[in-house]
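Commentary on secondary and tertiary structure
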Amino acid sequence: MSSRYNHKLVEKKWQTKWEDKKVFETKINDKKKYYVLEMFPYPSGKIHMGHVRNYTLGDVVARYKKMNGYNVMHPMGWDAFGLPAENAALVEKKNPADWTYQNIKTMKKQLQTMGLSLDWKREIATCHPDYYKHEQAFFIDLLNNKLAYKKESEVNWDPVDKTVLANEQVIDGRGWRSGAIVERKKLSQWFLKISKYSEELLEDLKKLDDWPEKVKLMQSNWIGRSDGVVIKFKLVSALSEINEIEVFTTRHDTLFGASFCAISIEHPLTKKIIQKDKGAASFVKDCENIDQEKIKRGYRTNLFVQHPLIKDKRLPVFVSNFVLMEYGSGAVFGCPAHDQRDLEFAIKYGLPVIPVILPADIDLKNKSKWCKEQLKDKKKPMKGEAFVGEGILINSEFLNNKTINEAKKTVLEELIKNKIGKKQTNYKLRDWGISRQRYWGCPIPVIYKEDGSIQAVRKEDLPVELPKINNFNHSSSITLSDLNDWKNTACPSTGMKAIRETDTFDTFFESSWYYLRYCNPRLKEPFEKNEINYWLPVDQYIGGIEHAILHLLYSRFFTKALRDLGYINIDEPFRGLFTQGMVTHKTFKSENGEWLDPEEVVVDSGVFLDKGGKKVFVGKIEKMSKSKKNVINPSNIINLYGADTARWFMLSDSPPERDLEWTDRGVAAAHKFINKLWELSKSINKYSEPKKLEVFDLDTFNKLINDVSVNIEQFHFNKSVANIYEYVNYLSKLVSSKKIGKSFLENALKNLAIIMHPFIPHISEEIWCLFGGEGLCVNASWPKVKYSINKKKIKLPIQINGITRSLLTINNSLDKNTIIKVAKNDKKITKRIKSKEVIRTIYVPGKILNFVIK
RNA sequence: GGGAGUAUGGCGGAACUGGUAGACGCGCCGGAUUCAAAAUCCGGUCACUUCGGUGGUGUGGGUUCGAUUCCCUCUACUCCUACCA
């Protein structure tokens, strides 16, 4: 009897062997490098299925590339600063540092059971002073190069807990602990000047050929370049030294349709206005108080501006809540006929609507009729909708009859001539606010001296260590500003009393450069140039789509900034990017609407019941999350079925970029396959010595190598899995029909072990070993395809009028005429063409033969 | 409001640059093995059919000898983003 496959023994055995032989420890060498990186985890306590999927995908790539002769670096670390540690500190009364390091220990052990090809010698934790001291140095350099600066900015303030809240701590406008309504409060905070790199960040997206188009598009939209014009509108009478309003627009072609100007409630002019105009003051106050108001509102001031191109025309100036101070110049002109928002505003405040674009699809003969109609009911051009499409200029003096693009050009020339306008490009991308009023983060290395001056900490005094808190026993969040002993210091050069900056960095700061640090994680200096030049950029980066914008954009920015500061000399950090889908699971709810753990639910002849026999409602399939209780613990799965089963399931069926639904049946199927492989290998014992020499079927194996390779390269791992299934089915059929002998099977399985290794490394090693493979399977070379395609017999579909009617097994090297002759003699074909006329014959070698008949 | 994507059996999904639609896995059906069950193995599985065929890739149309694939129309769902001038 064959002994059942013991995954616990086997997996541990090979994991230990790999570790003992330091198989995954890498150094610079002469080989071509390949840097595989998965987004590093936050040490929350235990790994989840999202991690399992992410790291399995990366491991397939890493092992495959290694077998293909690359020098592969595949490191792992911990994104260790962050809010959950502080929450745990409050709830569990634990020191955030202890909590974090304990979690790292647990999660590392869990990851190790997955059999990942990681170089643990390179492990980093961002909360360690040896890591964050370098980013403090970067910050000082950024500050000295004016890439970091301070500015007033709003935060969420919890008036009960007296603390600043992160966005995720605000739930429905209330603090997560106190339940108090959150206030907006202005604080002076640190920013990084990412906006300086807007154009380069946008432009370099074009270089990223191995990034998903979707991510590039999202970043491009986020950067939001728009090319337009700034126009000066002269105030009819100046107000305390302000005599004009600058307006940014991309629709300068519609300037003759302008009927008002609107300025932001934060505009400098508004600040002057409200000093004299009580109505304006109360309007502004109203707008400030009503948060996230969607209704467009305006206040008509008694100011007017002169229309820049129409001599005797004045436009009223409004203060308005829909104009953003942060974008453009904080002021707009409104052309209601050709902008929906302006139209609504015009209708509300009784402003004229002047059409200046004749829609392209309206016949010129009907032009005057159309104009009349439009002007008849001034409030409702095009039936209440602004026209924003292509067309021809009307009602616009020297622009009449021009297209929109021609008009834009001509207007701009005119504005430049009159010195009241110029070209301008704006970006939506705003500077990155990096200040967090938190404890568990990297301290910002700055001191404030008694005389009010700001000074960076001297580099030789780094790191500014996060003070340890013993006996963590607080009832509300703690920040650095609460720690007086730490906060109070002195200026090292003048001896003047000083206070430390008590904000810490946004945790995106740490994750923006960790991929660089892996090259030399223990180096005193941040980087070693040779190493960086050899390993970077990351060849394949893998992670969730949720980081499409922030993390990836910040990392790109950091790379460019560090380059300009002289640390490195690459432009982009990640050559290839892959974004994986989520792991989902069914949700269950009880009668009273509470979420239920899947383990509490049993299926009884198609009906879902809880343990008490009550009916359970099956909800949507959603991303695994604690709140919905639809979480499957990877450790349980690995313990029960083994890492190979978990990995195989993660790779089967679902394409990596799509969501993967976790099902018990799917896991069972994966497990079945692992066992089947083992049974097949053990079946070798049933064979006695071969009676005759056997020839290993190279053609089928070549096809397997070819298909699996192509599918791995294209990230179609689900297809590679299907390829392997197909081959194993083929083998087991040969075995059960007794068509092959021992040496054939040995040969086939030994070779198959190599092909399967990136996916299910443990059992592959075991099979490799069983059949006397040399050394370790993990070190084996990926086989080369030796193809001989021409000789092959193929099945050629024979069509009549494009519908397949017969299948011919023929030699592919036969010439066209012979094939046609053979096909015409085929019974099924003869029958159909004998009384008809063949008017065309289409032959595509190796693909089809088609007779067109009448 | 703007942008992107998806739609194929009972289910997850295959089908290279237009060339046998449904690979592979699950489920289901039948059989073998078993005292019985689990496990395992073998066979079948798009629908209809008068067994000759006919229809079929969200809807309707088009291009083509031939369309899941290319073009247009509509529908549904998903994701991102949102007063960006």
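Conventions and cut-offs
- Residues numbered from 1 in each chain as written.
- Chains lettered and ligands numbered in written order.
- Predicted model: local features only at pLDDT ≥ 70, side-chain atom pairs only at ≥ 80, totals over all residues.
- Heavy atoms only, no water.
- Pairing = 2+ DSSP bridges.
- Helix = DSSP H or I, 4+ residues; strand = E, 2+ residues; numbered from the N terminus.
- Phe/Tyr/Trp six-rings, centres within 6.5 Å; stacked < 30°, edge-to-face > 60°.
- Buried < 20%, exposed > 50% of the residue type's maximum accessible area, 1.4 Å probe, protein only.
- Lys NZ or Arg CZ within 6 Å of the ring centre and 35° of its normal.
- Patch = residues over 30% accessible without salt bridge, like charges linked within 9 Å, V, L, I, M, F, W, Y side chains within 5 Å.
- Areas by Shrake-Rupley, 256 points an atom, 1.4 Å probe, with all protein chains shown as cover.
- Salt bridge = Lys/Arg side-chain N within 4 Å of Asp/Glu carboxyl O.
- Lys, Arg positive; Asp, Glu negative; His and termini not counted.
- Charge placed at Lys NZ, Arg CZ, Asp CG, Glu CD.
- Axes fitted to C-alpha atoms, helices over the stretch in contact; angles between N-to-C directions.
- Contact = heavy atoms within 4.5 Å.
- Expected span 1.5 Å × (residues − 1).

Another aspect to go through is the sheet that holds strand E6 (residues 163–165). One open sheet accounts for 4 strands, arranged E6-E5-E9-E19; its pairing is antiparallel. On the outer flanks of this sheet lie E6 and strand E19 (432–433), each paired with one strand and no other. In this sheet, strand E9 (residues 183–192) lies alongside strand E5 (residues 148–158) in antiparallel orientation, the contact comprising 10 bridges. Residue Trp157 lies in a different strand from E9, and its bridge partner there is Glu183.

Before going further, it helps to spend a moment on the packing of aromatic side chains. Applying the stated criterion across every chain, the model contains 50 aromatic pairs. Ring centres 3.8 Å apart and planes at 0 degrees place the aromatic pair Phe505 and Phe509 in the stacked group. On the accessibility criterion, Phe505 (2% relative accessible area) is buried. Here a set of aromatic residues connected by ring pairs shows up, and it is made of Phe139, Trp190, Tyr197, Trp432, Phe505, Phe508, Phe509, Tyr554, Phe557 and Phe558. Taking the ring centre of Trp157 as reference, the NZ or CZ of Lys185 above it sits at 3.5 Å. It is Lys750 that lies over the ring of Trp768; its NZ or CZ is 5.9 Å from the centre.

Positive charge collects at one region of the surface, where Arg805, Lys828, Lys831, Arg832 and Lys834 lie side by side. With 3 residues, the top contributor of residues to the positive patch is helix H26 (residues 827–833).

The next thing to look at is the pattern of salt bridges. Summed over all chains, the structure comprises 37 salt bridges. Salt-bridge contacts for Asp59 lead to Arg63; the nearest nitrogen and oxygen are separated by 2.8 Å. Remark: Arg63 and Asp59 occur in helix H2 (residues 49–67); sequence separation between them is 4 residues, near one turn of the helix. An identical accessibility class is assigned to Asp59 and Arg63; each is buried.

Reading across the sheet, the 4 strands line up as E2-E1-E26-E27 and stay open at both edges, with parallel pairing between neighbours. Edge positions in the sheet fall to strand E2 (71–73) and strand E27 (577–580), since each has one partner strand and no second. Sheet twist, expressed as the mean angle between neighbouring strand axes with direction ignored, is 20 degrees. With 4 bridges joining them, strand E26 (residues 540–544) and E27 adopt parallel strand pairing. Looking at the pairing, Ile542 lines up with Phe578 of E27. Where H2 meets the sheet, its contacts fall on strand E1 (33–38), E2, E26 and E27, and the angle it forms with E1 comes to roughly 175 degrees.

The next thing to look at is the environment of Leu770. Following the sequence through the fold, Leu770 ends up in helix H24 (residues 761–770). Classification of Leu770 as partly exposed rests on a relative accessible area of 39%. Separated by 91 residues in the primary sequence, Leu770 and Glu679 place their C-alpha atoms 13 Å from one another. Apart from residues no more than four positions distant in its own chain, Leu770 is found in contact with Trp678 and Ser681.

All right, on to helix H19 (residues 643–651) then. Extensive coverage of H19 is indicated by the burial of 9 of its 9 residues. Every buried residue belonging to H19 is among Ala643, Asp644, Thr645, Ala646, Arg647, Trp648, Phe649, Met650 and Leu651, and all of these are buried. One or two residues past the end of H19 sits Asp653, with phi positive at roughly 60 degrees.

This part is about helix H23 (residues 742–756). If you check H23, its first and last C-alpha atoms are 21 Å apart, about what 15 residues at 1.5 Å a residue would give, namely 21 Å. Three or more residues of H23 are buried, namely Phe744, Leu745, Ala748, Leu749, Asn751, Leu752, Ala753, Ile754, Ile755 and Met756.

A few words now on unusual backbone geometry. Here the amide bond leading from Leu462 into Pro463 is cis, since omega sits at 0 degrees, within 30 degrees of zero. When you line up the elements, Pro463 lands in the loop between strand E22 (454–456) and helix H13 (484–487). Put simply, Leu536 and Pro537 share a cis peptide bond, and its omega is 0 degrees. Tracing the sequence through the fold places Pro537 in the loop between helix H16 (529–535) and E26. The phi dihedral of Asn395 is positive, around 50 degrees, even though this residue is not glycine. Relative accessible area serves as the criterion here: at 36%, Asn395 is assigned to the partly exposed category. A positive phi angle, close to 50 degrees, is found at Asn801, a residue other than glycine. Within the secondary structure layout, Asn801 lies in the loop between strand E34 (793–800) and strand E35 (803–811). The class for Asn801 is partly exposed, based on a relative accessible area of 43%.

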